[in-house]
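Per-entry structural report
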There are 4 protein chains.
Amino acid sequence: MFEQMPFNRAVGIEITHADDGHAEGRIDLEDRHSSSPRTRVAHGGVTYALADTVGGAAVISAVEDITPTIDMRIDYLAPGTGEVMLAEADCARVGESVATVDVVVTDGEGTRLATARGSYKTGGDSTDSAWSEGAPRIREEESE
Amino acid sequence: MFEQMPFNRAVGIEITHADDGHAEGRIDLEDRHSSSPRTRVAHGGVTYALADTVGGAAVISAVEDITPTIDMRIDYLAPGTGEVMLAEADCARVGESVATVDVVVTDGEGTRLATARGSYKTGGDSTDSAWSEGAPRIREEESE
Amino acid sequence: MFEQMPFNRAVGIEITHADDGHAEGRIDLEDRHSSSPRTRVAHGGVTYALADTVGGAAVISAVEDITPTIDMRIDYLAPGTGEVMLAEADCARVGESVATVDVVVTDGEGTRLATARGSYKTGGDSTDSAWSEGAPRIREEESE
Amino acid sequence: MFEQMPFNRAVGIEITHADDGHAEGRIDLEDRHSSSPRTRVAHGGVTYALADTVGGAAVISAVEDITPTIDMRIDYLAPGTGEVMLAEADCARVGESVATVDVVVTDGEGTRLATARGSYKTGGDSTDSAWSEGAPRIREEESE
């Protein structure tokens, strides 16, 4: 499901695991992810997109429903200059209307690049429709 | 300068104004920015990337140096289902070592889609090198 | 109601206005609020307690129910060294399950001391009981 | 030093350990800490004041200097209805100008009540004076 999200596909975000309130994901870093025109340092938006997506996957794995992000804070600890960024997310609390999630982003060699913490909506239909009703349809890519 | 950042170019983030601690920017939304495979709702990572970049532009316009993001919080207020997302950022405080920035993201028709608040490093060289030393070089795109 | 909260009374937090998603409050600063043993600089916890309380008052004025804080971020902009701290809070979004609130804390002379942004639960009974069931009773102060 | 801070003394915050970037502290909860007039549920400002103070103690133990809080986010996970709140803080990053700190608040029986994450200034004198110059002197309590 996450790989079908157009922006995740565009950025190269993969969800590698999602079960029981825990999720993992990764990005293989390429030049296009950089914030610098000369050296490859992952843009903060890449790190955030990974954290937000993996955090959402953790909540979805717990409540089995779409869970929009309410808010998220990210703290940058070290520059993402490696080949990959990995993220692990765990639900700290899953309530009837809100879940709180912790995310840690590493470089795959033990260095923490960022931590994030977010609140996501749980509780289903009304919330879902509130966030997407009226949105334009995406054009089918597969036309003959 | 911001348009030369590979990830900003990839996402389509434009900085349209940056002066004296205030900055503005935009993204023209396309299907690839969506978090949904069927309808076009901007992925939270798109909104964040815009907010972080415009926030950084506001700080850079005040201190005239590279200013890494320390941390940022984003709150989502409404789904980004329009044609464009606009962001405006203002420095609330510019100190010798840290600046605090407020960002508001709208749909261009008066609806606030998100607000963000971040801390950015100011104070220059040592900080800069701490964040980028050892980063791999980006391959030149223009080779004869 | 807010003045009856024991901790607010202990700290000296007053709600001076709360209506239609907007609230205002104040603390008259005394030596006991200081984080320093020698000079009077308001402890960050005082500023936060004011922001959280006034933020909650804004949400309560909109939904007319108890609204526990889910999360809050506070940014300190200048030290609270004056005679008073004032706070104003406005709901940026009031949803069925969550509200987002902005708070600005000033010194009463136009200087912003801090800004805060928080998410509060709305939606009533189940939430309320989840947060307080099993709590110990407070001893009556007035016993004959 | 922390016990000499007037507000910490007023609230009853104790620092029980602070060394090498790690700190621990506690509050013995009393009726006066409550946000409710009838049952004893710790006010969010009490939890925050503990988290901010213990977080600051962790940074001070690493850099041996005064370290003002730049910003902090707190997430509430469960109501504080027990006899005590304990906090543990660890520095996730200590830089020349900024440190990032993680704090976990528990009820002393294994239940997490809140988590917090904050940025604190490091780097000393200029920062310190920027935050406290011009502050009023505290009246000596002990005059003969």
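Residues numbered from 1 in each chain as written. Chains lettered and ligands numbered in written order. Predicted model: local features only at pLDDT ≥ 70, side-chain atom pairs only at ≥ 80, totals over all residues. Heavy atoms only, no water.

1. Section: the overall build of chain A
Put simply, the test is: Only runs of H or I of at least four residues qualify as helices and only runs of E of at least two qualify as strands under DSSP, and these elements are numbered from the N terminus. Under the scheme applied here, a residue whose accessible area is under 20% of the maximum for its type counts as buried, over 50% as exposed, and between as partly exposed, the area being computed with a 1.4 Å probe on protein chains only. Working rule for contacts: check all heavy atoms of both residues, and any pair within 4.5 Å makes them a contact. Each accessible area value is a Shrake-Rupley result obtained with a 1.4 Å probe; residue values ignore everything except the protein chains displayed when judging cover.
In terms of helices and strands, chain A carries 3 helices and 6 strands. Listed N to C, the secondary structure of chain A is α-β-β-α-β-β-β-β-α in terms of helices and strands. The proportion of buried residues among the 144 residues of chain A is 59%. Across chain A, contacts joining residues at least 24 apart in sequence account for 59% of those joining residues at least 6 apart. Surface accessibility of chain A: about 5,900 Å² in total, with carbon and sulfur atoms responsible for 42%.

2. Re the environment of Ala10 of chain B
With respect to the secondary-structure elements, Ala10 of chain B resides in helix α1 (residues 6–11). The spacing of Ala10 of chain B and Gly25 of chain B is 15 residues in sequence and 15 Å in space, taken between C-alpha atoms.

3. Some points on the relation of the copies chain A and chain B
To keep things clear, this is the line we draw: Each copy is superposed on the other by least squares, with the fit set by C-alpha atoms of residues at a pLDDT of at least 70 in both.
Once chain A has been moved 0.0 Å along the axis and rotated by 180°, it coincides with chain B to within an RMSD of 0.0 Å. Here the copies are linked by what is in effect a two-fold axis. No C-alpha of chain A approaches the rotation axis more nearly than that of Arg73 of chain A, which lies at 2.0 Å. When the interface residues of chain A are mapped onto chain B, 100% of them again lie at the interface, so the same face is used by both copies.

4. Concerning the pairing of strand β6 (residues 112–121) of chain B
Regular strands place their side chains on alternate faces of the sheet. All names here are of chain B. Selection rule: Pairing between two strands is assigned when DSSP locates at least 2 bridges connecting them.
Among the 10 residues that make up β6, 9 are buried, leaving the element largely enclosed by the rest of the structure. As paired strands, strand β3 (residues 69–76) and β6 are joined by 7 bridges and run antiparallel to one another. Residue Asp71 lies in a different strand from β6, and its bridge partner there is Ser119. Pairing of strand β5 (residues 98–106) with β6, which is carried by 9 bridges, proceeds in the antiparallel orientation. Looking at β6, one finds that Val105 is bridged to Ala114. If you look at the hairpin formed by β5 and β6, you'll find 5 residues sitting between the two strands, and Gly108 has a positive phi there, around 85°.

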